[in-house]
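Listed below, chain by chain, are the residues.
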Amino acid sequence: MIKVENLHKTYGKDVRALCGVSFEVRPGDICGYIGTNGAGKSTTLKILCGMMDYDEGNIEVRGLKLPDDRNEVKEITGYVPESADMFNSLTVKEYFRFIGDVRRMQADTIIRRSEYFAGLFGFTQHLADSIGKLSKGNKQKVLISSSLLHNPDVLLLDEPLNGLDAFSIMIFQDMIIKLAGRGKTILYSSHLLDLMEKVSSRIIVIDRGKLILDRTKQELQNSSEFKSLENLFRGIAAGDSKKEFVYDEAFS
Ligand code: ATP
């Protein structure tokens, strides 16, 4: 279970990224965390994985409290960041070894799981290549795989599909549904609303640092007003002003 209560985070003096956010994600849930650019999604995930401090609030991750149990939280959490500085000079294999060592994993387990994920996502032929030479999508596959290497209980995903090809996206989608089926707690931030609607069991919408919707998918689908997540989000993001591209306005 992830429990977030009244979470506040301000950058510098006055950038209020999170203004009293509260929510829960249960084991077995895939919680879609959506919102417009700058809404506060990445900030929430960075705080939850123990990477970033917060100003006020209470956070529990599987009974562990942040910030006091930061190290234990890191041990049970897999985090896929929006983008990451990876060690470009290491080979993929060396990178997995490094991540596995940090996680205090056995060498043979690291090798077995690295090879498994490389096979699953189709980058086996790149295991001996340096990370700097990989394409954007393959780097992202390495990032996803490395976050799963220690079989974490909690998964925090920040737009994890950046650059992945359509087939790998399907594999990923199927994989996280199966991981949730094994009781993993998954908080998944993405702008891909179709995919969010497909995989999520719960949907949270954040806007300018505040939660504006928190419902199970079932509750949403039972509501007569609900057509699709895209439709719902369109209403939230555009507010009262109907925004759309008008050719003659743009190029007058
Ligand atoms: P996106 O969908 O564009 O990734 P997001 O919902 O993940 O956006 P955050 O990255 O959490 O949004 O940013 C929330 C707010 O905090 C924004 O106003 C952003 O400009 C600000 N912010 C984020 N990181 C920093 C930082 N390091 N220093 C100052 N302000 C920041």
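These lines cover the structure that appears in this document, whether it is placed above or below.

Cut-off values and rules
- Residues numbered from 1 in each chain as written.
- Predicted model: local features only at pLDDT ≥ 70, side-chain atom pairs only at ≥ 80, totals over all residues.
- Heavy atoms only, no water.
- Patch = residues over 30% accessible without salt bridge, like charges linked within 9 Å, V, L, I, M, F, W, Y side chains within 5 Å.
- Areas by Shrake-Rupley, 256 points an atom, 1.4 Å probe, with all protein chains shown as cover.
- Salt bridge = Lys/Arg side-chain N within 4 Å of Asp/Glu carboxyl O.
- Helix = DSSP H or I, 4+ residues; strand = E, 2+ residues; numbered from the N terminus.
- Buried < 20%, exposed > 50% of the residue type's maximum accessible area, 1.4 Å probe, protein only.
- Contact = heavy atoms within 4.5 Å.
- Polar contact = N/O pair within 3.5 Å; in protein donor to acceptor, adjacent residues only side chain to side chain.
- Pairing = 2+ DSSP bridges.
- Axes fitted to C-alpha atoms, helices over the stretch in contact; angles between N-to-C directions.

## Things to note about a nonpolar patch on the surface
Next up, step 1: A surface patch of nonpolar side chains, amounting to about 280 Å² of accessible area, comprises Phe87, Phe98 and Val102.
Next up, step 2: Tracing the chain through its elements places Val102 in helix 3 (residues 92-102).
Next up, step 3: Take Val102: its relative accessible area is 54%, and that puts it in the exposed class.

## Regarding the environment of Asp53
Next up, step 1: By secondary structure assignment, the location of Asp53 is in the loop between helix 1 (41-48) and strand 4 (56-61).
Next up, step 2: Relative accessible area serves as the criterion here: at 47%, Asp53 is assigned to the partly exposed category.
Next up, step 3: For Asp53, the contacting residues outside a window of four places in its chain are Lys9, Ile47 and Arg70.
Next up, step 4: A polar atom in the side chain of Asp53 sits 2.6 Å from the side chain of Arg70.

## Considering the sheet that holds strand 10 (residues 210-216)
Next up, step 1: Within the open sheet, the six strands sit side by side as 6-7-8-3-9-10. Their pairing is mixed. Each end of this open sheet is capped by a strand with a single partner; those strands are strand 6 (77-80) and strand 10. Strand-to-strand, the axes of this sheet are offset by a mean angle of 15 degrees, without reference to chain direction.
Next up, step 2: Along the sheet, helix 5 (residues 136-148) makes contact with strand 6 and strand 7 (154-158), crossing strand 6 at roughly 170 degrees.

## Comments concerning unusual backbone geometry
Next up, step 1: Residues Leu66 and Pro67 are joined by a peptide bond in cis, for which omega reads 5 degrees.
Next up, step 2: Here Pro67 lies in the loop between strand 5 (64-66) and helix 2 (70-76).
Next up, step 3: Within the chain, Asn151 stands out as a residue other than glycine whose phi angle is a positive 55 degrees.
Next up, step 4: Take Asn151: it is sitting in the loop between helix 5 and strand 7.
Next up, step 5: A positive phi angle, close to 45 degrees, is found at Arg208, a residue other than glycine.
Next up, step 6: Inspection of the secondary structure puts Arg208 in the loop between strand 9 (202-207) and strand 10.
Next up, step 7: Given a relative accessible area of 65%, Arg208 falls into the exposed group.

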